[in-house]
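Here are the chains, one letter per residue:
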Amino acid sequence: PTTIHLKDYTPFGYLVDEVHLTFDLAPDATRVTSRIAFRPNPEAPGHRFFLHGEELRLIRAAIDGAEVTPEITDAGLTCAAPDTPFVWEAEVEIAPAANTALEGLYLSNGMYCTQCEAEGFRKITYYPDRPDVMSTFTVRINGTHPVLLSNGNPVDSGEGFAEWHDPWPKPAYLFALVAGDLVAHSDRFTTVSGREVDLNLWVRPGDEDKCAFGMEALKKSMRWDEEVYGREYDLDVFNIVAVDDFNMGAMENKGLNIFNSAAVLASPETSTDDNFERIEAIIAHEYFHNWTGNRITCRDWFQLCLKEGLTVFRDAQFTSDLRSAPVKRIRDVIDLRGRQFPEDQGPLSHPVRPESFQEINNFYTATVYEKGAEVIGMLKRLVGDAAYAEALDLYFARHDGQACTIEDWLKVFEDVTGRDLAQFKHWYSQAGTPRLTVEEAWQDGTFTLTLSQDTPATPGQPDKLPQVIPVAVGLLNPNGDEVHATEVLELTQARQSFSFEGLAARPVASVLRDFSAPVVLDHDLSPEQRAFLLAHDTDPFNRWEAGRSLAGQCLLDMIIEGTAPDTAYLDGLVAVLRDDGLDPAYRALMLGLPSQSELAASLQQRGLTPDPQAIWDATETLRQATAQHMQDLLPRLRAEAQVDAPFRPDADQAGRRALGSATLALLSRLDGGAQAAADFTRADNMSLQLSSLSCLLKAGKGEVELAAFYDQWRGDRLVIDKWFGLQVAMAAPGQTAETARRLSAHAEFNWRNPNRFRAVFGALAMHHAGFHHASGAAYQLLADWLIRLDPVNPQTTARMCAAFQTWRRYDEGRQALIGAQLDRILAQPNLSRDTTEMLTRIRG
Ligand code: HT7
Ligand code: ZN
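Residues numbered from 1 in each chain as written. Chains lettered and ligands numbered in written order. Predicted model: local features only at pLDDT ≥ 70, side-chain atom pairs only at ≥ 80, totals over all residues.

### Considering the sheet that holds strand β19 (residues 237-243)
Step number 1: Spatial ordering of the open sheet is given by β17-β18-β19-β21-β20, a layout of five strands whose pairing is mixed. Each of the sheet's edge strands pairs with one partner strand only, and the pair in question is β17 (183-190) and β20 (250-251).
Step number 2: Pairing analysis gives eight bridges linking β17 to strand β18 (residues 196-203), with the strands arranged antiparallel. By the bridge assignment for β18, F189 is matched with V197.
Step number 3: Helix α1 (residues 212-229) contacts β17, β18 and β19 of the sheet and is inclined by roughly 25° relative to β17. (Pairing = 2+ DSSP bridges. Helix = DSSP H or I, 4+ residues; strand = E, 2+ residues; numbered from the N terminus. Contact = placed C-beta atoms within 7 Å. Axes fitted to C-alpha atoms, helices over the stretch in contact; angles between N-to-C directions.)

Set out below in structure tokens:
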């Protein structure tokens, strides 16, 4: 396979002024006719005329009306082209019904839809399928479906056809087409300057009652982007379509967002509070791309974080504004540690802006997205809110309509602030999670923090340079008052000291407040100091973090030393949980424990080999001890969590339900699931139904309820996904693989549907002790299914391979078992480029 390098970037030799496409839709032979106006690019003279194209049957090609016979390969075509403006015409045939990879034009439940990012447009017609080639598009769709959609504004429609025009130049990856028997949930939005926009959420008949929440989220996003970023919508219509077969969450095609139905359809009966929050965030994310991604796009795919990091950052700001900022921050950090840290600390580690790839689909990663967003958060913290706002205004003004790079992005900050960001740029080029070590000294009223940074070697990057790390610090007096409000220290060297003078008593330092940088913090605090911060820290993130690190230390001691659960942690937890002045959602987060995979990473960092079963046992023991320790408090917490008002998916009610669910899980350990059974019976929303059912399964009960749940929801594919996933997630470690195997033989297990496949095998990979059960049964089962899925859907197969990325952490026996499965998959004939690249990197 060919490796593509950032350093080899060259612009395309031609500019595209206009694209006209006509689609004659048919499942086995869709005809795509293109008419494209090219002109030589003055900035790249003399380049050959090459158009990408894959799995296309060329019927006819012409330049300025004269037929040509191009040279065709698997990757595209080339032919002699004039050095003056010309019109290219081509007619190709494609087979959407045979397209199971879900890239290009495909069919989902009889509905035509497209997915072109990153390189899917080349499966639709011959074209310079690269993000720096931008053009206006006019599209005519001839088809029998009642709804025919494409990007931009509707121009004309009639029996069996529709025509669309998108006036905003865009790269081909933002092209979209939908044709189906769909119904719309419609609304209107008036932009700040008075443009009337028709909003439609298109769904399959039967899903109309799951549209209202998504529509409200869209309108909130549109208003928020006007108010906070000064960004207005720029077309007369905004269409969203829900599709069942989709490789990821959603896609920001210009004016025609396409969503995985799981990422947009919602109702209280069928969606959990987490589903609602995620849907709101994804709708916002895709909408925000209209400016950060579409109006200003990426020059090449190495710059992916330019649009993704920024848009994740923006959607996180949106959620923080609409809901609770501390809760959102804590949840994001849990997610970062759960997905990005393992990636950055293992064989798949790569910079936020990668420098090479074989298959770009493999680089839609937590590093590009979530670490990319953290990098923007650091930049904002360093320059301040006002300069950030000014820099963003300049970015939009300077680069509207362009395909940009990280250099362009950083330059607007340099121009606004006068700062040199050369060192900051290492965040984009250096992979790995920096370790930040804190040492303290106290003398004569002066408190000194010495900070050092060290980034471990990562594949291809043995040596690292010091980065700019914003470290937000506050100091607390021994009585719990804050003596030094949050200040951002700028660590730029490998080791650096910062002093705080004139203090009456030695303070307790609260370091890395609000998780001001994506690093592993090594701050050797005593359990008493952590308990003090848990009780008094004024920074909500660090207060939570103090509890989390106490819990983590307690679990590590239990695993390594075999000690009993630490009562200091349990007492501290009870004190926080008793405080009814604290948001229920925040208290629910306080009840969480570090994930078992995180504990495995901590053991590895201490030079120990993690035993997944021992980690499972310790976690179970601590959970049980917590339930017993909090026994008296649980009824009170449940009463506080009670929601009497009609269901609303807002932060307040969701927080109460989260606390209710966390306390029910503890209570179920004491009452054997009696309360959970009662809750299941009375549940009138999916959060309660699912949390009570999971408690029952955890208690080894719930067979009747599981069957009742299935009967109740058998017609609802998204709820049945939950039914599949929950059984795997709640299985005991020795039963996890067998549960997944049994479910994969179920009549409703449609393995070609990515949501269903992930429901079972994503849950299997997430079940730390089950996946790493010493038998190796889960490794083998997952490998069997990856081998089966790869020829059908390489993108989803390759993503699932990440389940094996941490394999070097474990003992020799497990490594041998996993290594054998990796080799078995790699030995398959015709393995996709996607899966080959992932497994080769993981194998190392
Ligand atoms: N920009 C999109 C990324 C994407 C994608 C989406 C759906 C299916 C396949 C895809 N490949 C890449 C989604 C986003 O970040 O908003
Ligand atoms: Zn995105």
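Now that the structure is up, let's keep going.
### Considering the packing of helix α14 (residues 612-629) against helix α16 (residues 651-671)
Step number 1: For the pair α14 and α16, interaxial distance at closest approach is 9 Å and the crossing angle is 90°. Classed by the angle they form, the pair α14 and α16 counts as roughly perpendicular. Mapping the contact onto sequence places R623, Q624, T626 and A627 in α14 and L666, R669 and L670 in α16.
Step number 2: By residue class, the composition of the contact of α14 with α16 is three nonpolar, two polar and two charged. (Parallel < 35°, antiparallel > 145°, perpendicular 65-115°, else oblique. Nonpolar A, V, L, I, M, F, W, Y, C, P; charged D, E, K, R; others polar.)

### A few points about the UniProt feature "domain: Aminopeptidase N-like N-terminal" (unreviewed entry) in the chain
Step number 1: The UniProt record annotates "domain: Aminopeptidase N-like N-terminal" (unreviewed entry) at residues 92-174.
Step number 2: Helix makes up 0% of residues 92-174 and strand 49%, and the two end C-alpha atoms of the span are 20 Å apart. (UniProt positions renumbered as here; feature names shortened; annotations may be inferred.)

### Some points on the site of ligand 1
Step number 1: Around ligand 1, 14 residues are found, and the nearest of them are Q115, E117, N247, M248 and M251.
Step number 2: Looking at the shell around ligand 1, the elements with two or more residues in it are β20 and α2 (273-288).
Step number 3: The residue inventory of the shell around ligand 1, partitioned by class, reads six nonpolar, four polar and four charged. (Near = placed C-beta within 6 Å.)

### Brief notes about the domain arrangement of the chain
Step number 1: Partitioning the chain into structural domains gives domain 1 (4-265), domain 2 (297-429), domain 3 (436-523) and domain 4 (733-844).
Step number 2: Using C-alpha coordinates to define each centre, domain 1 is positioned 33 Å away from domain 4.
Step number 3: Tallying the contact residues gives ten residues for domain 1 and nine residues for domain 4. (Domains from an automatic or database assignment.)

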